[in-house]
Amino acid sequence: MNITSKAAETTLRFYANIVDGKAVPAGDGGTLDALCPSDGKPFAVMARSSAGDVDAAVKAARRAFESGPWGRLTATERGRLLCRLGEAVASHAEELAVLEATDTGKPMKQARADIVAGARYFEFYGSAADKVHGETIPFLNGYTVAVVRDPHGVTGHIIPWNYPLQIFGRSVGASLACGNACVVKPAEDACLSTLRVAELALEVGFPPGALNVLSGLGEEAGEALSNHPDIDFISFTGSPEVGTLIQSAAARNHIGCTLELGGKSPQLLFSDADIEKAAPVVINAIVQNGGQTCSAGSRVLVQRSAYDAFVAEIARRFAKVRAGTHQMDLDLGAMVTKGQQARVDGFVARARADGLPVLAEGRIADGVPAHGYYVTPLMLGPVPLGNALACDEVFGPVLSVMPFEDEADAIRIANGTPYGLVAGVWTRDAARSMRVARAMRCGQVFVNGYGAGGGIELPFGGVKKSGHGREKGFEALYEFSASKTIVLNHG
Ligand code: NAD
């Protein structure tokens, strides 16, 4: 992202904010350039929204919720609109995939998969909208107690750059299904697909103010949204540092929040694991999206008795990993920004200075543009437990490998970081797989498989520094609504 001044000064396509049913620029005309990570060049322009723009969006959402047509729709009608939006995303899939790949640098096949998943979020939550049932509770004689679920009202959504459309879909899909009106601040480093989908939402008939999306800087528009006194709930996905700011703002405003933060997710390979099956999955879990996935499988823990054989097999395959432009469509693309590239390079330089052995090195393809943000995929190990690569999130294609002795040791090491998002357990022993899965301190465990960020239907979220609250699946519908207990004394 680059800061420019006026949309009128450029010939690049301008992606407007969508506020109160209209496509609008920032109130003061400020803009930001969207840079393509594959070559570092600007390719589009978006609004640099101010606190005033955010305030207008929150007011529009409040009107939509309190008095607009949106607040009066039935759950079935809301669901139909969401399903129509899912269809619109699917029918614009190629346009959106090209936009997502150009904006994030991810390979086209990954961008295409992201659009399919984005459409599916709207479809899933559209179908679920009228299935959020309350309950009745047996109470005293002469009483009937009903527990109904109410939307919060106006929900704020702060979205990161790694999977812009997917995370937008999962967050606003669930919130809109519950009947909230949404104000969204996607990431300045990649967000054009979310602005385009907000445009599609108007085309399929979403009433004004139901879904407002404003681009802008985190410390400007993001801070204004998270501190706004008239939002009722906030959903944040991003770094633990900003998550702390969001939670503090939510506390000051006495509202709830979900925080989806980072991870240092382990894959535990016991000596009886099927390594042929595990190796490609283990590699994909760190290479997918260039490792810029909150649930990337960034640590591989291998039982000592199988360490040499398993590590050799993973390393043999890892050496074939290739990074290239989004159009080359290789295993991974460029990092999303120059800053992210520098962050990964910094971790690698420290690892090399610490003398960590390199087990395998992927390659950057020949002919990539000189100004693209590429990094070389690396597999290192054994990584000592105290080393940064054993406990800090790199958010890049860097795989840390370390040995363990037995089940207890594996559990101790796996749980021994500040994070707790996802874990993978590889073993042919069913009882052990369940014992270890139950012992993991995290939000999702895969046995003999791994889905970095996968599973629209599967509740997802973390513990500890990975955050709290759950998105995805039906559970998100409980986050974006609150129960109200009605006690009727009918004698
Ligand atoms: P980030 O926290 O810097 O940015 C995320 C969003 O927050 C962006 O929209 C940004 O504009 C906004 N923001 C930044 N400063 C803000 C402020 N002061 N007030 C309000 N909003 C602000 O994170 P990032 O660099 O975009 O993403 C990388 C991090 O996010 C990694 O740590 C990664 O693990 C995490 N992440 C987690 C998940 C998940 O689902 N758990 C998904 C994606 C990324």
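Everything in this summary refers to the structure shown in the same document. (Residues numbered from 1 in each chain as written. Predicted model: local features only at pLDDT ≥ 70, side-chain atom pairs only at ≥ 80, totals over all residues. Heavy atoms only, no water.)

To continue, consider the overall build of the protein chain. What the protein chain contains, in helices and strands, is 16 helices and 24 strands. Against the compact-globule benchmark of 23 Å for 491 residues, the protein chain has a radius of gyration of 23 Å, which places it among compact chains. With respect to the three principal axes, the spread of C-alpha positions in the protein chain is 70 × 70 × 40 Å. Split into buried and exposed, the 491 residues of the protein chain put 58% on the buried side. Of the contacts made within the protein chain by residues no fewer than 6 positions apart, 75% connect residues no fewer than 24 positions apart. Working note: accessible area of the protein chain is about 18,300 Å², and carbon and sulfur atoms make up 55% of it. With 46 positive and 52 negative side-chain charges, the protein chain shows a spacing of 2 Å between the two charge centroids. (Helix = DSSP H or I, 4+ residues; strand = E, 2+ residues; numbered from the N terminus. Rg over C-alpha atoms; globule rule 2.2 N^0.38 Å. Buried < 20%, exposed > 50% of the residue type's maximum accessible area, 1.4 Å probe, protein only. Contact = heavy atoms within 4.5 Å. Areas by Shrake-Rupley, 256 points an atom, 1.4 Å probe, with all protein chains shown as cover. Lys, Arg positive; Asp, Glu negative; His and termini not counted. Charge placed at Lys NZ, Arg CZ, Asp CG, Glu CD.)

With mixed pairing, seven strands are arranged side by side in an open sheet as E17-E19-E20-E15-E14-E21-E22. Strands with a single pairing partner mark the edges of an open sheet, and in this sheet they are strand E17 (358-361) and strand E22 (444-447). Across this sheet, the average inter-strand angle for adjacent strands is 20 degrees, counted without regard to direction. In the packing of helix H10 (residues 275-287) onto the sheet, contacts are made with strand E14 (266-269), strand E15 (299-303), strand E20 (398-404) and strand E21 (422-426), and the angle to E14 comes to roughly 170 degrees. Contacting E14, E15, E17, strand E19 (378-380) and E20, helix H11 (residues 307-318) crosses the sheet at an angle of about 170 degrees to E20. (Pairing = 2+ DSSP bridges. Axes fitted to C-alpha atoms, helices over the stretch in contact; angles between N-to-C directions.)

One open sheet accounts for three strands, arranged E7-E8-E24; its pairing is antiparallel. A strand with exactly one partner marks an edge of an open sheet, and here the two such strands are strand E7 (135-137) and strand E24 (481-489). Averaged over neighbouring strand pairs, the angle between their axes works out to 30 degrees when direction is ignored. Examined bridge by bridge, strand E8 (residues 143-151) and E24 share nine bridges and lie antiparallel to one another. Counted as the bridge partner of Tyr143 is Asn489 from E24.

Turning next to the side chain of Asp103. Mapped onto the elements, Asp103 comes out in helix H4 (residues 93-104). One buried charge, Asp103, has no salt-bridge partner; the nearest side chain with opposite charge is Lys106, at 9.9 Å. Among the polar contacts made by the side chain of Asp103, one reaches the main-chain amide nitrogen of Leu192 at a distance of 3.0 Å. With sequence-adjacent residues up to four places away left out, Asp103 is seen in contact with Ala34, Leu35, Pro37, Phe43, Asp189, Ala190, Cys191, Leu192 and Val336. (Salt bridge = Lys/Arg side-chain N within 4 Å of Asp/Glu carboxyl O. Polar contact = N/O pair within 3.5 Å; in protein donor to acceptor, adjacent residues only side chain to side chain.)

Attention now goes to the site of the ligand. Close contacts around the ligand come from 30 residues, with Trp161, Lys185, Glu188, Ser239 and Leu261 the closest. Between the ligand and Lys185, the relevant distance is 2.6 Å, taken from an oxygen atom to a side-chain nitrogen or oxygen of the residue. Within the backbone of Glu260, an N or O atom sits 3.2 Å from a nitrogen atom of the ligand. Across the complex, the protein chains shield 89% of the 840 Å² of accessible surface that the ligand would expose by itself. Of all the secondary structure elements, the ones that give two or more residues to the shell around the ligand are helix H6 (164-178), helix H8 (218-226), strand E12 (233-237) and helix H9 (240-253). (Near = heavy atom within 4 Å.)

This next bit is on helix H15 (residues 430-439). Within H15, burial applies to Arg432, Ser433, Val436 and Ala437. Each buried residue of H15 sits inside an arc of 130 degrees when the element is viewed along its axis, so together they form one side. Seen from the open side of H15, the exposed residues pointing more than 90 degrees away from its buried face are Ala430, Met434 and Arg438. On its buried face, H15 sits against E14, helix H14 (407-414), E21 and E22. Its side-chain oxygen at 3.1 Å from the backbone nitrogen of Ala431, Asp429 defines the N-terminal cap of H15. (Arc of directions from axis to C-beta.)

Right, let's get into unusual backbone geometry. Note the cis peptide between Gly381 and Pro382, where omega equals 0 degrees. If you trace the backbone, Pro382 turns up in the loop between E19 and helix H13 (388-391). Phi angles above zero are rare outside glycine, and Lys464 is one such case at about 50 degrees. Mapped onto the fold, Lys464 is located in the loop between E22 and strand E23 (467-468).

On to the nonpolar core. One finds Leu85, Val89, Phe168, Phe206 and Leu211 to be the most contacted residues of the largest nonpolar core, which totals 80 residues. For this core, the leading source of residues is helix H5 (residues 108-128), giving 10 residues. Dropping the residues within four chain positions of it, Phe206 is found in contact with Trp70, Leu81, Leu82, Leu85, Leu176 and Ala201. With 34 residues, the next largest nonpolar core counts Ala365, Tyr373, Val394 and Met440 among its residues. (Core = buried A, V, L, I, M, F, W, Y, C linked by side-chain atoms within 4.5 Å.)

Their axes nearest at 8 Å, the elements H4 and H5 cross at an angle of 125 degrees. Relative to H5, the element H4 is oriented oblique. Here the hand of the crossing between H4 and H5 comes out right-handed. Within the contact between the two elements, H4 uses Ala93, Glu94, Leu96, Ala97, Val98, Glu100 and Ala101 and H5 uses Met108, Ala111, Arg112 and Ile115. For the contact of H4 with H5, the class distribution of residues is eight nonpolar, no polar and three charged. (Parallel < 35°, antiparallel > 145°, perpendicular 65-115°, else oblique. Left-handed = near helix turned anticlockwise from the far one by under 90°. Nonpolar A, V, L, I, M, F, W, Y, C, P; charged D, E, K, R; others polar.)

Attention shifts here to the packing of aromatic side chains. Taken as a whole and judged by the stated rule, the model has nine aromatic pairs. Taking 5.5 Å as the distance between ring centres and 90 degrees as the angle between the ring planes, the aromatic pair formed by Phe139 and Tyr143 counts as edge-to-face. Judged by centre distance (5.7 Å) and plane angle (50 degrees), the ring pair of Phe446 and Tyr450 falls under tilted. Taking relative accessible area as the criterion, Phe446 reaches 17% and is therefore assigned buried. Note on Tyr450: relative accessible area 13%, which makes it buried. When the ring centre of Tyr15 is taken as origin, the NZ or CZ atom of Arg13, which lies over that ring, is 4.2 Å away. In this arrangement the basic side chain of Lys472 is found over the ring face of Phe460, its NZ or CZ atom lying 4.5 Å from the centre. (Phe/Tyr/Trp six-rings, centres within 6.5 Å; stacked < 30°, edge-to-face > 60°. Lys NZ or Arg CZ within 6 Å of the ring centre and 35° of its normal.)

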